[in-house]
Amino acid sequence: MSDENKKHDYSADSIQALEGMEHVRMRPSMYIGDVGVRGLHHLVYEVVDNSIDEAMAGHCDTISVIINEDNSITVRDNGRGIPVGLHKKEGVSALEVVMTKIGAGGKFDKDSYKVSGGLHGVGVSVVNALSKHLKATVYRDGKVWQQEYERGKPLYPVKVVGETDQRGTEVTFMPDDEIFQTEIDFNYETLSTRMRELSFLNQRIKISIEDKRRKDDEGNFIREDFFSEEGLPEFVKYLDATREPLIQKVISIEGEKNGIPVEVAMVYNTSYAENLHSYVNNINTHEGGTHLSGFRRGLTHTLKKYAETSGLLKNLKFSISGDDFREGLTAIISVKVAEPQFEGQTKTKLGNREVSAAVSQAVSEMLTDYLEENPNDAKTIVQKVILAAQARHAASKAREMVQRKTVMSGGGLPGKLSDCAWSEPEKCELFLVEGDSAGGTAKQGRDRNFQAILPLRGKILNVEKAMQHKAFENEEIKNMYTALGVSIGTEEDQRALNVSKLRYHKIVIMCDADVDGSHIETLILTFFFRYMRELVENGNIYVAAPPLYLVKKGKKRKYAWNDEERDAIVKEFGGGTIQRYKGLGEMNAEQLWDTTMNPQHRTMYRVTIENGAEADRVFSMLMGDEVPPRRKFIEDNATYANIDI
Ligand code: 0RA
């Protein structure tokens, strides 16, 4: 190739690089998830990830993160330093390539062990593209090298600015306020929590975080130093610190199966809760995936087999389900996957099929060994599993009995309805509440003049999949018809409605603000859409919006309906404790009234149908087996008009 051509190639490549950076700035969410608070903090994780990679390759043991006074971030490590020599293909310093080429990441260092994926691992160049200003400093070969950038564009070629006997890489960046739709204001707790997590997930790395915006009582900057000698076993102990252990030891599983490193640490406690946390390449997989299902399978299989062969299940009159094996279990599952496929609504569900067997086998083998070596622990665990199964059976029997007793006695209003005093439908509201316990709270908290409560049991029938007679036989559905005063049409057209006697003009669906709650919400919406569409079209159907958080500090307390509000309140209070409301049941009557039911303060969404055909398509799609799409629908697609009443 002639020099002429080389020159041409180089400029073509640099144009490509520029386009890559432009693309990041045009579509930032594709690279960092969103341009809100989460995306902003994501920038820090991205830079730290590179240092963690360097540490995992065995070249670095100290990483420090600093929130500077101006809210810029500095990340420094004592690794080998990003190479500064000429990158032959690109014709510029390798440092410049790493900083300005999208996806250049660690491509030219094939020997080092690198795994990345998901939102992480997109490379520090993405951070550069989304920063108003970034300075990279490399300590290497006795010299200090430097290059600065504005919105991803180098301000000068890499230059030497001094001498050093140190090694490492330092990156300081100021996120671009033209990109982010939130204040450039880092949350110390958010970052420190992530650094603690990283130190547990990657043992024996010193990770520190310092906040130069704030000082403690002694005049030192707020700072934490994390270091975990053992890794995951320390992580579960940390998570379970406030629970009573059932067995003293942490069961630790560490190995590699089919080239996939698998690490598990688990403890049993005396609670009834299941606490599983899973990670892929240090990324929390909220939605689980193949590694989690592999873990569950390995655990159930191994414990069952052990219990059976050791005769502990003799004379058992009921079956044991998978859930019973996980009651009181806290576990962390961490795998490293070279090319992870992330699926699901928030791209936090591992899809790689091969991982399931790897985790299941690793768990089976090592847990079998553990049980054989620790027969006392094994017996304690199996006894707990049997108790869990027993309790589950007793509960379901009781539920059946109650169900049989509450057969509708025709004519009058349903026994479960707590009606309101007034009788003018246009003034009255009916709350359809998820579960009897939340129903009880709502009953106490309501204004009984105009608010009626009808608790609905668990998951109502999915009318999308049920035959019509099943729907009309369904207790909850019958209750809704009678409570509303809506009658079903004729023999010929059973769905023909008579809404002239509608007893409440506002019908409010009030469910937990979690995945289950949104599922129930959708099931109820599906019912209205399919069986009482007129009410939807007339604008009678509403969805309540309970708060997600309560922030407390001293005597001050405030509710937040999303993460941004929560962070703003924490900031306003200057810290504080955050209670996350997982369900309506966690609020008392007064809180439920204040936040969700009182017309003076509440936020409700009116459900509308903008396009019937589209709504139809959406509802059929929604009633598939995946829950996340439903959540997504409710959050973004729904044609709710946000009205404050
Ligand atoms: C590729 C090659 C080498 C180092 C790195 C990447 C590296 C990148 C980052 C990012 C943050 N900290 C980092 N530390 C190192 C070194 C290759 C060699 O020296 O032989």
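Details of the structure are given in the entry above.
Thresholds, definitions, all that
Residues numbered from 1 in each chain as written. Predicted model: local features only at pLDDT ≥ 70, side-chain atom pairs only at ≥ 80, totals over all residues. Heavy atoms only, no water. Helix = DSSP H or I, 4+ residues; strand = E, 2+ residues; numbered from the N terminus. Contact = heavy atoms within 4.5 Å. Areas by Shrake-Rupley, 256 points an atom, 1.4 Å probe, with all protein chains shown as cover. Buried < 20%, exposed > 50% of the residue type's maximum accessible area, 1.4 Å probe, protein only. Pairing = 2+ DSSP bridges. Axes fitted to C-alpha atoms, helices over the stretch in contact; angles between N-to-C directions. 1 Å grid on protein atoms, 1.4 Å probe; cavity = no way out; pocket = protein on both sides within 12 Å on 5 of 7 lines; lining within 4 Å. Points joined across faces, edges and corners; volume = space filled by probe spheres on them. Nonpolar A, V, L, I, M, F, W, Y, C, P; charged D, E, K, R; others polar. Near = heavy atom within 4 Å. Polar contact = N/O pair within 3.5 Å; in protein donor to acceptor, adjacent residues only side chain to side chain. Salt bridge = Lys/Arg side-chain N within 4 Å of Asp/Glu carboxyl O. Phe/Tyr/Trp six-rings, centres within 6.5 Å; stacked < 30°, edge-to-face > 60°. Lys NZ or Arg CZ within 6 Å of the ring centre and 35° of its normal. Expected span 1.5 Å × (residues − 1).

Visitor: Quick question: what am I supposed to make of the overall build of the protein here?
Guide: Helix and strand content of the protein: 19 helices and 29 strands. For the protein, contacts bridging at least 24 residues in sequence account for 68% of all contacts bridging at least 6. For the protein, the accessible area works out to roughly 31200 Å², and carbon and sulfur atoms hold 48% of it.

Visitor: I would appreciate a short explanation of unusual backbone geometry in the present structure.
Guide: Glycine aside, residues mostly have negative phi, and peptide bonds are mostly found in the trans state. Of note in this structure, R151 is not a glycine but carries a positive phi near 50°. When its relative accessible area of 27% is taken as the criterion, R151 is described as partly exposed. Positive phi values are uncommon outside glycine, yet N258 reaches one of about 50°. Here N258 lies in the loop between β12 (251-257) and β13 (260-268). In this structure N258 comes out as exposed when scored by relative accessible area, which is 61%.

Visitor: When you look at the sheet that holds β13 in this model, what are you seeing that I'm missing?
Guide: Sheet strands pair by backbone hydrogen bonding; their relative direction is either parallel or antiparallel. Reading across the sheet, the 5 strands line up as β12-β13-β16-β14-β15 and stay open at both edges, with mixed pairing between neighbours. In this open sheet, the two edge strands, each paired with only one partner strand, are β12 and β15 (283-284). Sheet analysis places strand β14 (residues 274-280) next to β15, joined by 2 bridges and oriented antiparallel. The residue of β15 that forms the bridge with V280 is I283. Those strands touched by helix α8 (residues 290-309) are β13, β14 and β16 (329-335), and its axis lies near 130° from that of β14. Contacting β12, β13 and β16, helix α9 (residues 353-373) crosses the sheet at an angle of about 135° to β12.

Visitor: When you look at the layout of surface pockets in this model, what are you seeing that I'm missing?
Guide: Any empty space left between atoms is shown by rolling a water-sized probe over those atoms. What the second largest pocket holds in volume is close to 530 Å³. Breaking the lining of the second largest pocket down by element, the ones donating at least two residues are α3 (37-56), α6 (188-201), β10 (206-215) and α16 (563-573). Of the residues assigned to the lining of the second largest pocket, the class counts are 6 nonpolar, 5 polar and 9 charged.

Visitor: Just checking my understanding: could you explain the site of the ligand for this structure?
Guide: If you check the shell around the ligand, you find 11 residues, and the closest are N50, E54, D77, I82 and R140. Contact distances for the ligand include 2.6 Å between a nitrogen atom and a side-chain N or O atom of D77. A distance of 3.0 Å is found between an oxygen atom of the ligand and a side-chain nitrogen or oxygen belonging to R140. Summarising the interface, the protein chains cover 81% of the accessible area of the ligand, which totals 450 Å² for the free molecule. Counting residues per element, the shell around the ligand draws most heavily on α3, which supplies 3 residues. Class assignment for the residues of the shell around the ligand results in 2 nonpolar, 4 polar and 5 charged.

Visitor: Just to check I follow, could you spell out the side chain of T137 for this structure?
Guide: Secondary-structure assignment places T137 in strand β5 (residues 131-140). At 3.0 Å, the side chain of T137 and the side chain of Q146 are in polar contact. Not counting chain neighbours up to four residues away, the residues in contact with T137 comprise V144, W145, Q146, G168, T169 and E170.

Visitor: Can you walk me through the pattern of salt bridges in this structure?
Guide: Oppositely charged side chains can form a pair if their charged atoms are brought close together. Tallied over the full model, the rule gives 33 salt bridges. Among the salt bridges present, the one from D185 reaches R213, with a minimum N-O distance of 3.0 Å. Here D185 is found in the loop between β9 (168-175) and α6, whereas its partner R213 is found in strand β10, with 28 residues between them in sequence. R194 serves as the salt-bridge partner of E197, at 2.8 Å between the closest nitrogen and oxygen. Residue E197 and its partner R194 are located together in helix α6, separated by 3 residues, close to a single helical turn. The same class applies to E197 and to R194, which are both buried. Ionic contacts of the salt-bridge type, sharing partners, join the residues E183, D185, D211, R213, R214 and K571 into one network.

Visitor: I keep staring at the pairing of strand β6 (residues 143-150) and nothing clicks. Help me out?
Guide: Each regular strand shows side chains that alternate between the opposite faces of the sheet. With 6 of its 8 residues buried, β6 lies for the most part within the structure. Bridge count for β5 against β6 is 7 bridges, and the pairing is antiparallel. Considered in β6, the bridge of A136 is made with Q147. Connecting β5 to the antiparallel partner β6 that follows it, the hairpin turn spans 2 residues, and D141 within it adopts a positive phi of roughly 50°.

Visitor: Explain the sheet that holds strand β26 (residues 556-560) here, please?
Guide: Taken together, the 3 strands give an open sheet; going across it, the order is β26-β25-β27, and neighbouring strands pair in antiparallel fashion. On the outer flanks of this sheet lie β26 and β27 (577-580), each paired with one strand and no other. In this sheet, neighbouring strand axes are inclined to one another by 20° on average, regardless of whether the strands run parallel or antiparallel. The pairing of strand β25 (residues 549-553) with β27 spans 4 bridges and is classified as antiparallel. Within the sheet, the bridge partner assigned to Y549 lies in β27 and is R580. With respect to the sheet, α16 is in contact with β25, β26 and β27, its orientation differing from that of β26 by roughly 165°.

Visitor: When you look at the packing of aromatic side chains in this model, what are you seeing that I'm missing?
Guide: Think of a pair of aromatic rings as described by two things: how far the centres are apart, and how the planes are tilted against each other in angle. Using the criterion set out here, one finds 8 aromatic pairs in the structure. Taken together, the ring pairs in this structure connect F200, F235, Y238 and Y279 into an aromatic cluster. Seen from the ring of Y139, R76 lies directly overhead, with NZ or CZ sitting 4.1 Å from the centre. The ring of Y549 is capped by R566, whose NZ or CZ atom sits 4.7 Å from the centre of that ring.

Visitor: Explain α9 to me, please; I cannot follow it from the model alone.
Guide: Because each turn of an α-helix spans 3.6 residues, side chains separated by three or four positions end up pointing in the same direction. Compared with the 30 Å implied by 1.5 Å per residue over 21 residues, the 32 Å span of α9 between its first and last C-alpha is a close match. Of the positions making up α9, those classed as buried are V355, S356, A358, V359, S360, A362, V363, S364, L367, Y370 and L371.

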